[in-house]
Amino acid sequence: MSEEPARSEAETMIAEARKALFVMVGLLAVLWLVQIVNAVDDYGIGRDLGIEPRDPASLPDVLTSPFMHSSWGHIEANSGPLFIFGFLAAYRGVKKWFAVSLLIIVASGLGVWFTAPSNTVTVGASGLLFGYFGYVIVRGLFDRHPIDIVIGLVMALCFAYQFTSLLPTDERVSWQGHLFGFAGGIIGGWVFRDRRPKPVAAPDAATTLLPKDLG
């Protein structure tokens, strides 16, 4: 690879990383703004826009529940990991990140809608968080990017304790949202993988076979 294309690729990555930073700052700003309004309303908005399992009228809430939180402690716990995993999910392309995010939200929300206990309301961005976590872990394998493979491995090791949240260890925590969000992230890594054609190696002049002369 010549120096000029390499520089161009690096500049593109830096530009996308800058966009990813702005997008994640914007997302967190929206989440905190919604939290302020929700808290002032005594969390009535969250109860109205959270997911109520197996209630057909609550299906649209699959798209709104990630923006709601049940307390200040809830949003504080989600914000840091969400920013880290969200940025890593977005830094190679914000357009793809939007598509992956929608897939994760739908997968996590429908999982909660089908499997969460009755007479509950589920809110919070943790399903999205775990979706980004799963996506970051597998993206490098599907895209065959060595850097992303290393990033995925490091994140899996550094945040290994998060895997316990995929199991029903606390009845107050929506492990269903975590598990289905994580699965949505893995599916997103496959569906939105980099489909660049494999380079075709030029034949070695020293070993090229010539057709037999039949004349």
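Notes on the structure follow. Note that the coordinates shown come from a computational prediction; the quantities given were computed from them, not determined experimentally. (Residues numbered from 1 in each chain as written. Predicted model: local features only at pLDDT ≥ 70, side-chain atom pairs only at ≥ 80, totals over all residues. Heavy atoms only, no water.)

### Observations concerning the packing of helix α5 (residues 126–143) against helix α6 (residues 146–158)
Inference 1: Contact geometry for α5 and α6: axes closest at 7 Å, N-to-C directions at 145°. In the crossing of α5 with α6, the sense of the turn from one axis to the other is left-handed. Where α5 approaches α6, its residues Phe133, Val136, Ile137, Arg139, Gly140 and Leu141 are matched on the opposing element by Asp148, Ile149, Ile151, Gly152, Met155 and Ala156.
Inference 2: Classifying every residue of the contact of α5 with α6 gives eight nonpolar, two polar and two charged. (Axes fitted to C-alpha atoms, helices over the stretch in contact; angles between N-to-C directions. Helix = DSSP H or I, 4+ residues; strand = E, 2+ residues; numbered from the N terminus. Left-handed = near helix turned anticlockwise from the far one by under 90°. Contact = heavy atoms within 4.5 Å. Nonpolar A, V, L, I, M, F, W, Y, C, P; charged D, E, K, R; others polar.)

### What about a nonpolar patch on the surface?
Inference 1: On the surface, Leu59, Leu63, Leu102, Val106, Leu110 and Phe114 cluster together into a nonpolar patch covering about 510 Å² of accessible area.
Inference 2: Secondary-structure assignment places leucine 63 in the loop between α2 (44–49) and α3 (72–90).
Inference 3: Relative accessible area serves as the criterion here: at 46%, leucine 63 is assigned to the partly exposed category. (Patch = residues over 30% accessible without salt bridge, like charges linked within 9 Å, V, L, I, M, F, W, Y side chains within 5 Å. Areas by Shrake-Rupley, 256 points an atom, 1.4 Å probe, with all protein chains shown as cover. Salt bridge = Lys/Arg side-chain N within 4 Å of Asp/Glu carboxyl O. Buried < 20%, exposed > 50% of the residue type's maximum accessible area, 1.4 Å probe, protein only.)

### Observations concerning the packing of aromatic side chains
Aromatic ring pairs: the centre-centre distance and the angle between the two ring planes describe each pair.
Inference 1: Taken as a whole and assessed by the stated rule, the structure comprises twelve aromatic pairs.
Inference 2: Here phenylalanine 130 and phenylalanine 133 contribute two aromatic rings whose centre-to-centre distance is 6.4 Å and whose plane-to-plane angle is 75°, an arrangement assigned as edge-to-face. Taken together, the positions of phenylalanine 130 and phenylalanine 133, both in helix α5 and three residues apart, correspond to about one turn of that helix. Summarising the burial analysis for this pair, phenylalanine 130 and phenylalanine 133 share the class buried.
Inference 3: Ring pairs connect the aromatic residues Phe85, Phe130, Phe133, Phe159, Tyr161, Phe163 and Phe182, which therefore count as one cluster.
Inference 4: Geometry around tryptophan 190 places arginine 193 over its ring, the cationic atom sitting 3.7 Å from the centre. (Phe/Tyr/Trp six-rings, centres within 6.5 Å; stacked < 30°, edge-to-face > 60°. Lys NZ or Arg CZ within 6 Å of the ring centre and 35° of its normal.)

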